[in-house]
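A look at the structure
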Amino acid sequence: MFYPWFSAGDVPVFPPRSGDPDTVLAYRLLDQMRQDPLLRYERICIEAQNGVIILEGEVSSAERRAEAHAHAWRAPGVRDVNNRLRQRRGRTA
């Protein structure tokens, strides 16, 4: 399952209707990250496949990349984490 999460702000995320373990895992992780003030407005996509979390997108700092990685590992049922998050580069004028 692929869960895009692009600065949705206060728009609620509804729990999955499916009992698929990967869907539930990705939803729980998404919910945890949305509650973290460091990650709430970052551009992160979450994919879960057989207990492996894949994080993709862009974040504003190395600290936020590490925080997302730590959240993924703390989620119950995670077997591995593939962190593909990139740090956004500063704008050049």
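The coordinates are above.
Attention here is on the structure that accompanies the text. (Residues numbered from 1 in each chain as written. Predicted model: local features only at pLDDT ≥ 70, side-chain atom pairs only at ≥ 80, totals over all residues. Heavy atoms only, no water.)

**Overview of helix α2 (residues 62-74)**
What counts here: Only DSSP runs of H or I covering at least 4 residues are called helices, and only runs of E covering at least 2 are called strands; the numbering of each starts at the N terminus. Given the number of residues in a helix, its expected span is that number minus one, multiplied by 1.5 Å. Remark: exposure states derive from per-residue accessible area (1.4 Å probe, protein chains only) relative to the maximum for the residue type, with buried under 20%, exposed over 50%, and partly exposed in between. What the arc describes is the spread of directions from the helix axis to the C-beta atoms. By the convention used here, residues are in contact when the closest approach between their heavy atoms is within 4.5 Å.
The terminal C-alpha atoms of α2 lie 18 Å apart, and with 13 residues this matches the ideal 18 Å at 1.5 Å per residue to within 8%. Inspection of α2 places Ala-68, His-71 and Ala-72 among the buried residues, and these make up the whole buried set. Burial along α2 is one-sided: seen end-on, the buried residues are contained in an arc of 100°. Contact partners of the buried residues in α2: α1 (21-35), β2 (43-49), β3 (52-59) and β4 (80-87).

**Comments concerning the nonpolar core**
Our working definition: Buried Ala, Val, Leu, Ile, Met, Phe, Trp, Tyr and Cys residues form a nonpolar core when they are joined through side-chain atoms within 4.5 Å.
The biggest cluster of nonpolar side chains holds 18 residues, and the ones touching the most others in it are Leu-29, Met-33, Ile-44, Ile-46, Ile-53, Leu-55 and Ala-68. Broken down by element, the residue count for this core peaks at five residues, all from α1. Those residues in contact with Ala-68, other than ones at most four positions away along the chain, are Met-33, Leu-39, Ile-44, Leu-55 and Leu-85.

**What about the pairing of β2?**
Each regular strand carries side chains that alternate between the two faces of the sheet. The line we're drawing: We treat two strands as partners when DSSP finds at least two bridges between them.
Among the seven residues in β2, five count as buried, and that is most of the element. The hairpin turn running from β2 into β3, its antiparallel successor, is two residues long, and Asn-50 in that turn takes a positive phi close to 55°.

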